[in-house]
Amino acid sequence: MSSGLGAERGADESRHGMWSGRWLFVMAAAGSAVGLGNIWKFPYMAGENGGGAFVVVYLLCVALVGIPIMMAEVLLGREGRLSPINTMRALTLTSRASSAWVLIGWMGVLAGFLILSYYAVIAGWALKYIVSLADGTFNGANGEFANRAFNDFLANPGEMILWQTVFMCLTVYIVAKGVTGGLEKAIRWFMPLLLVLLVVLLGYGINSGGFEQGVDFMFRFDWDALGVDGVLVAMGQAFFTLSLGMGAIMAYGAYVPSNVSITTSVVTIAVLDTVVAIVAGLAIFPIVFANGLEPDQGPGLMFVTLPLAFGQMPLGALFGALFFVLVSFAAITSAISLTEPALAFLVEEYNAKRSRVAISLGVICWVLGLGSVFSFNLLADVHVVGSMTFFDFVDYVSQNLMLPLGGLAIALFTGFVLPKANVRAQLGLKGGLPEFLWNTLVRVVSPLAVLTIFAYTIYKNIG
Ligand code: PHE
C-alpha cells in the first residue's frame, strides 16, 4: 500500500492506497499465505496427526472451504474498501443487518495479535538458524547432534528473546514504511527462489533413501492415525495457511482494483500456497525416515531435519543459510498481513500515523510473545489447559477455534446477508452453473463443513 492517504478519491479506491494490478495483489496475498504455516507448521502437524488422512482432510478443506471463504473475504474487503472492522460496519449498514456482524472484525484483530505473538518467536528461530547454518555448525552433523542443538537453543530464553525481538523490529519497520516500496519488489524474487530451494531439498530427499517411506507417510490414508482432534486441526491448518478467518485477506481485498477477477486470483493464491506446503512435506519426511528421526516430534521438526540435510550437502552452509533467509522472509510477508487489520483500523479511527500504530502493535505482540518463549523453557511445565503450555494454548485457540469461527461468519454474511446484486457484481456472476456453484459452496458446503467439524470434535471429546 502506498502512503497515499489524504486526497479525496473516487469511492472506487481505498484511502490506504491500492495494489498496482492483479499480479501485485496475487503476490501480496500469496506472501501472506505462504509462511511458517507451510514450511514449519504443515509438516509437523501432519507428522503429529498420522500423515495421510490429515493431508486429505487438509486438502479438502482448502478446496471446498478455503477457496470460497477467501473469495468472500476479498469480495467483502473490496466492497467496503476499509479496514475489516469499518468494512463490516459499512456493509451491515448497507445490508440493514445487525451490527453484531462487526464482531467478525474485532475477533480478527484479536486473533491477529495472538498469532503474531508466537509467530514472531518461531520466525526468530528461523533467523537464528541463518547464523547457525552459515557458521558451519551443522557441517557433517548427524540426527542426534541436530536434535541436541535445537534443544539447547530452546533451553535458552535469553537467546530466543533476542531473535524474537529482531524479527519484531524488522516487521514493525517494514509495516511502518508502508508495503509497496521494497516489499513487493522483493517478493518477486524471494518467492520463486524459495520454491527453487525447496525443490533442491526435495531432490535431496528423493536420494536420501527415505523417499518412499516419506511419500507413503504423507499420502497413505490411515483414518485411525488421525484421531478426533486431528480433523479439527487439519481444518484449522487450512484456515491458517491461507490466512483466512481473521480479516488479513479482507484488509488486502480493500486495496484490489475493481477490474481484477477475484476468482482467478484466489485460485492462483490457493494453488501456490498448497504447492509450497506439499513440497515442504515431501522434502522433510524422507529426511526424517532416512535418519531414524520421529515424524511426530512437533514444532522442532523443520529445525532438526533441514539443518541435517544441509549439513551433508556440498555448499550446505551457504544453501542452508540462504534457505533460512527465505523462510524468514516468507514469515515477514505473513507477519505484515497479521498486523494490517488492526493497523488500518487505528489509522482510520484516529487518523494516527502508520508508524506510531505499527510500533504500539509491535510492543503488545512482543510482550504477549514472551509467554510463548517461556513455554519452551522456564514455563514448560506450566499447563494452561489440559497438557497445553501457553504456546500450545494460544496456537490452538487462535488457529482451531477463532479462524474457523471467523470464516464461518464471513461465509454466512456473504452468502445470506449481503445483497445478492453486490455479490454478483463483485464476482462477475451472471447466473448459470458458476453462480450455482458459488452459492452452494458459500452457503452450504463451507458453513456446514465448519459446523460439522466443530460438532464432531465436541461430541467425540465429551463422549
Ligand atoms: N498464512 C500464514 C502462514 O501460513 C499465517 C497467517 C495466518 C497470516 C493468518 C495471516 C493471517 O504462515
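Everything in this summary refers to the structure shown in the same document. These numbers come from a predicted model, not from an experiment. (Residues numbered from 1 in each chain as written. Predicted model: local features only at pLDDT ≥ 70, side-chain atom pairs only at ≥ 80, totals over all residues. Heavy atoms only, no water.)

Quick look at the site of the ligand now. What surrounds the ligand is a group of 14 residues, the closest being A33, G37, Y119, F240 and S243. In this structure, F240 approaches the ligand through a main-chain N or O atom, which is 2.8 Å from a nitrogen atom. Side-chain polar atom of S243 to a nitrogen atom of the ligand: 2.9 Å apart, as the coordinates give it. Elements supplying a minimum of two residues to the shell around the ligand: α1 (22-33), α2 (36-48), α10 (223-241) and α14 (316-350). Tallied by class, the residues present in the shell around the ligand amount to six nonpolar, eight polar and no charged. (Near = heavy atom within 4 Å. Polar contact = N/O pair within 3.5 Å; in protein donor to acceptor, adjacent residues only side chain to side chain. Helix = DSSP H or I, 4+ residues; strand = E, 2+ residues; numbered from the N terminus. Nonpolar A, V, L, I, M, F, W, Y, C, P; charged D, E, K, R; others polar.)

Moving on, we get to the environment of G158. Inspection of the secondary structure assignment puts G158 in helix α7 (residues 157-177). Expressed as a C-alpha distance, the spacing of G158 and V373, which sit 215 residues apart in the sequence, is 9.1 Å.

The final tally for this structure, using the stated rule, is seven salt bridges. A salt bridge links E349 to R89; its shortest N-O distance comes to 3.5 Å. Placement of E349 in helix α14 and of R89 in helix α4 (residues 84-94) is noted, with a sequence separation of 260 residues between them. E349 gets classed as partly exposed once you look at its relative accessible area, which sits at 36%. Given the relative accessible area of 32%, R89 is considered partly exposed. Here R354 ties to E340 by a salt bridge, and the two come within 3.2 Å at their closest N and O atoms. Of the two residues, R354 is situated in helix α15 (residues 354-375) and E340 in helix α14; the sequence distance between them amounts to 14 residues. Judged by its relative accessible area of 0%, E340 falls in the buried class. In the salt-bridge network here, residues are joined through shared partners; they are D216, R220 and D222. (Salt bridge = Lys/Arg side-chain N within 4 Å of Asp/Glu carboxyl O. Buried < 20%, exposed > 50% of the residue type's maximum accessible area, 1.4 Å probe, protein only.)

Look at helix α12 (residues 262-290): 43 Å from first C-alpha to last across 29 residues, which is about the 42 Å you get at 1.5 Å a residue. Positive phi shows up at G292, right after α12, with a value of about 65°. (Expected span 1.5 Å × (residues − 1).)

Now for the packing of helix α9 (residues 211-219) against α12. Two numbers describe how α9 lies on α12: the axes approach to 7 Å, and their chain directions differ by 125°. Here α9 lies oblique to α12, going by the angle between them. Of the two elements, α9 crosses α12, and the hand of that crossing is right-handed. Residues F211, Q213, G214, V215, F217, M218 and F219 of α9 form the contact with α12, whose own contacting residues are I278, G281, L282, F285, P286 and F289. Of the residues belonging to the contact of α9 with α12, the class tally is 10 nonpolar, three polar and no charged. (Axes fitted to C-alpha atoms, helices over the stretch in contact; angles between N-to-C directions. Parallel < 35°, antiparallel > 145°, perpendicular 65-115°, else oblique. Left-handed = near helix turned anticlockwise from the far one by under 90°. Contact = heavy atoms within 4.5 Å.)

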